[in-house]
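# Structure assessment
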Amino acid sequence: MKILNIFKNKIISVLRVFRIKWISIPLCLTTFITVKISGDNNFQKRLNNKIVNDVTKLNPIQVAQVIQPKTEEDIVKAIKNTTGKVSIGGGRYSQGGQVAYENSIHLDMRQYNKVLDFQPDKKEITVQSGITWRDIQEIIDPKNLSIKIMQTYANFTVGGSLSVNVHGRYIGEGPLILSVKSFKIVLADGSVKKATPDKNKELFYGAIGGYGGLGVISEATLFLTDNTKVERRTKSMPITEYKNYFFDKIRENKNVVFHNADIYPPDYEKVLDVSWYKTNKELTHTDRLIAKDRKYPLQPYLVDIVSGSDFGKWLRKSVFDPYYYSKERVVWRNWEASYDVRELEPSDRDDYTYVLREYFVPVEKFDDFYPKMKKIFLDNDVNIINVSIRHAKPDSGTLLAWARKEVFAFVVYYRQGTDNKAKEKVKKWTQEIVDAVTDMGGTYYLPYQIYASEEQFQKAYPKSSDFFALKDKVDPKNRFINKLWDAYYPKNKGVLKAKAKSIPQYFRGEEQTILTIPEWYLVFNPKEYADFLEAKNNPSDFPFLESINEYWSLYDRVMILTEMAYPVNKEYRTMLQVIGVSTTLEYLLKSFYENTFGRLSYWISGPTKEDQIIAEAHRAYSDFIYHTAWYEFNFWHWVKKLWANTNFLESGFIRKTERKLFFSMEFVVKTIYAKLIGFGAKTAYEASDGLIYAKVKADDRNIIEFDPRIQVLATEDNNHLIGIPRWGPFTELVPILAAQKINFLEISGNDEIALSFLTNKSTKVTLPNANLLFESKVVSDKDKTRLVFLVKVSELSNQLQRIKNQYGNIEHIYDY
């Protein structure tokens, strides 16, 4: 017996039990039944991974294609040879979808990472935009040079850093733009422009801090500075003293290279100044850079401890930090600038994740802002791990400047849950702080979760209208997009998009079009059974064990197909496991019974009127579940009908009695089980609105409304947002729409959808531009097979017509 692991991750995941390989079961009538129940663990088909996420794991976004350019020409070709939306990603440390957009062509810049020119005497370096600060440090450190402005951590790419106009802990510096000599950018028409503060200056001040909205920054020339030895010094103080302390001791001190001040939660009353001063002292760490392969066994656990309770926060303030900072430390500037984000990475981000937010306050407003920030944190019970204060000089003129004047930056590091309730909580306190900071003439940083309202965004970034005007000019077809510009760029509004966003159940994960295939097999298989009975076959001859095998084969295949290509859908996986276990148990019992008592009674008496009514019941059931959840079927009605419409006194008493008792027991059990499952489903899951939503293109709205079940919810030019009933009616209505020459643009926010049709095994099937996922057995008809394809939504109408003309009717369109 081959048994799969049950209870794999959670007890509720009552996994796929009873994977029996080859086992002989002695039954009565001196026969043996050989049972083969096995899945398809050796399935080889794979789908390309098209999910782009960020470090928080909160924003999985499925793109249409991922391109990894290695040359500037690769970038130009990627833009010129395509027509769709384009998103751009580097290190993927932005935390709100700023690196991707649904169904876009995604440029993953991390392989575009070469040094193009290095002039140590001029203290300049020119690099491709996908290179990381850490890789640059490897090149410049032997010449005793340092990056002038960068983040605390060195994992970020240069292009991404330019796009968000980063800053660091550097005293006397400010936004990254202050260290940029020039850059090149690939625009939407494929042209390459060089931008400096004097040449193409609108691009220079628009693309830096422009979050990929204007084009692809392909290379940059940066100013460098000297590498020096630095010594760490710390000082603890009440937060009420910090502003004056900073102006007196830090701001104009030319010897201070790095500075930040940590505010300790949960009372937010104490600040620890951590500054690094130029020095000639002996090094305490002789390494010039932190090794790339350095291990971090303790730090993630310490973060978990600090975030776990107020006691953990007390331990940090009173025990961990005093011990850590008690040691003298003298290092190279490059060593202190080469931190790796892996030191903060938790063991997993399934239930909780660690996130940043950042707020910029005019320096004169420091004492006004922090009490309001503290109150908002406490009122909303925010699990703050640290608030780090930084300083920045004014921006030199970017359109989306976060430092329009000299500012203090409040970098907030916190823990939050990953569920929707936790996200709503973050949205609430985020908007409260944005109001507080903008009321003081400050702003908030854009690389994080996108919760600010349009009004808040415009107040924080008053020159955004100038940025959008520039985007209209250089990207007139609005090709460059991500979730940030989807939220705030006026051209990304529109009637259809607004309506889609207002529908809670509009978006469905594309993985569900594949994951739903085993679930739908439990619709197709009962239909096979009903067909089998209607054809006057002996119920004992139905291949129940092959049906079990086919379900688990489909389960294996969809799991393998989706595990790398899509985000993990735990709820759907668990549901498939539970229904698979219950179906396995049911079919094993039915197979045993039908091949013993059922076969004997049929041999003695032959078919009876009870067999006919039972066949009618299974036909009614198979028709019902095509459009309605199985647990809503009235099993009890058929039990009553069987007993009311038959007579024991007719011929075939043994078969009549056996059928009555067996069928009644089966349907009574299902009646009770259906009540329980129905109650659980209504309790655990949000009620479905019963519709699948699609954006379609049609010249005449009337041809869409041929059926009252189809709802036209919004219209914009010749594009329409429609609602189509789910399950069976979806498969019925979509081919009719396709025959009307209606083009589908997206369905439930997705650009691919699975479909299947039946054909003879001997038929050679060719479906251009479609991806054959696998074939599935029709267990009751050895001459037929089920073909399952993944097709582009934009090609759906053409594919449906092609299938109908060449292979017959579609069996099902898997509607997520």
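Parameters at a glance
- Residues numbered from 1 in each chain as written.
- Predicted model: local features only at pLDDT ≥ 70, side-chain atom pairs only at ≥ 80, totals over all residues.
- Heavy atoms only, no water.
- Helix = DSSP H or I, 4+ residues; strand = E, 2+ residues; numbered from the N terminus.
- Buried < 20%, exposed > 50% of the residue type's maximum accessible area, 1.4 Å probe, protein only.
- Contact = heavy atoms within 4.5 Å.
- Patch = residues over 30% accessible without salt bridge, like charges linked within 9 Å, V, L, I, M, F, W, Y side chains within 5 Å.
- Areas by Shrake-Rupley, 256 points an atom, 1.4 Å probe, with all protein chains shown as cover.
- Salt bridge = Lys/Arg side-chain N within 4 Å of Asp/Glu carboxyl O.
- Expected span 1.5 Å × (residues − 1).
- Arc of directions from axis to C-beta.
- pLDDT = per-residue confidence, 0-100.
- Pairing = 2+ DSSP bridges.
- Axes fitted to C-alpha atoms, helices over the stretch in contact; angles between N-to-C directions.

Structurally, Arg92 can be placed in the loop between β6 (86-89) and β7 (105-108). Using a relative accessible area of 15% as the deciding quantity, one classes Arg92 as buried. If near-sequence neighbours (up to four positions away) are discounted, Arg92 is found in contact with Ile51, Val52, Asn53, Asp54, Val55, Val99, His106, Asp108 and Arg110.

Look at the link from Pro265 to Pro266: it is a cis peptide, with omega at 5°. Phi angles above zero are rare outside glycine, and Asn478 is one such case at about 55°. Here Asn478 shows up in the loop between α12 (464-474) and α13 (483-488). Exposure remark for Asn478: the relative accessible area of 5% places this residue in the buried category. In this structure, Tyr816 takes a positive phi of about 60° despite not being glycine.

Here we take up a nonpolar patch on the surface. On the surface, a cluster of nonpolar side chains totalling about 1,000 Å² of accessible area is made up of Leu600, Trp603, Ile604, Trp643, Phe648, Leu649, Phe653, Ile654 and Leu661. Going through the elements one at a time, α17 (570-605) and α20 (653-684) are the ones with two or more residues in the nonpolar patch. With respect to the helices, strands and loops of the structure, Trp603 is situated in helix α17. Classification of Trp603 by relative accessible area gives exposed; the value is 71%.

With that out of the way, let us pick up helix α9 (residues 366-379). In this model, α9 (14 residues) spans 20 Å end to end at C-alpha, consistent with the 20 Å of a helix rising 1.5 Å per residue. All buried positions along α9 are accounted for by Phe366, Phe369, Tyr370, Met373, Ile376 and Phe377. What you see down the axis of α9 is that its buried residues fit within an arc of 125°, all on one side. For α9, the exposed residues lying more than 90 degrees away from the buried face are Lys375 and Asp379. Buried residues belonging to α9 abut α5 (242-250), β15 (256-263), β18 (352-362), β19 (383-392), β20 (407-417) and α10 (420-438).

What follows covers the confidence of the model for the protein chain. For the protein chain, mean pLDDT is 92; residues scoring 70 or higher make up 95% of the total. Contacts of residues 1-37 to residues separated by more than four positions or lying in other chains number 87 contacts, the stretch itself having pLDDT below 50.

A sheet is described by the order of its strands in space; here 3 strands give the open sequence β5-β7-β6, paired in parallel fashion. Two strands bound the open sheet, and with one partner strand each, they are β5 (65-67) and β6. Neighbour to neighbour, the strand axes of the sheet diverge by 25° on average, direction disregarded. Pairing of β6 with β7 involves 4 bridges; the strand directions are parallel. Residue Ser87 lies in a different strand from β7, and its bridge partner there is His106.

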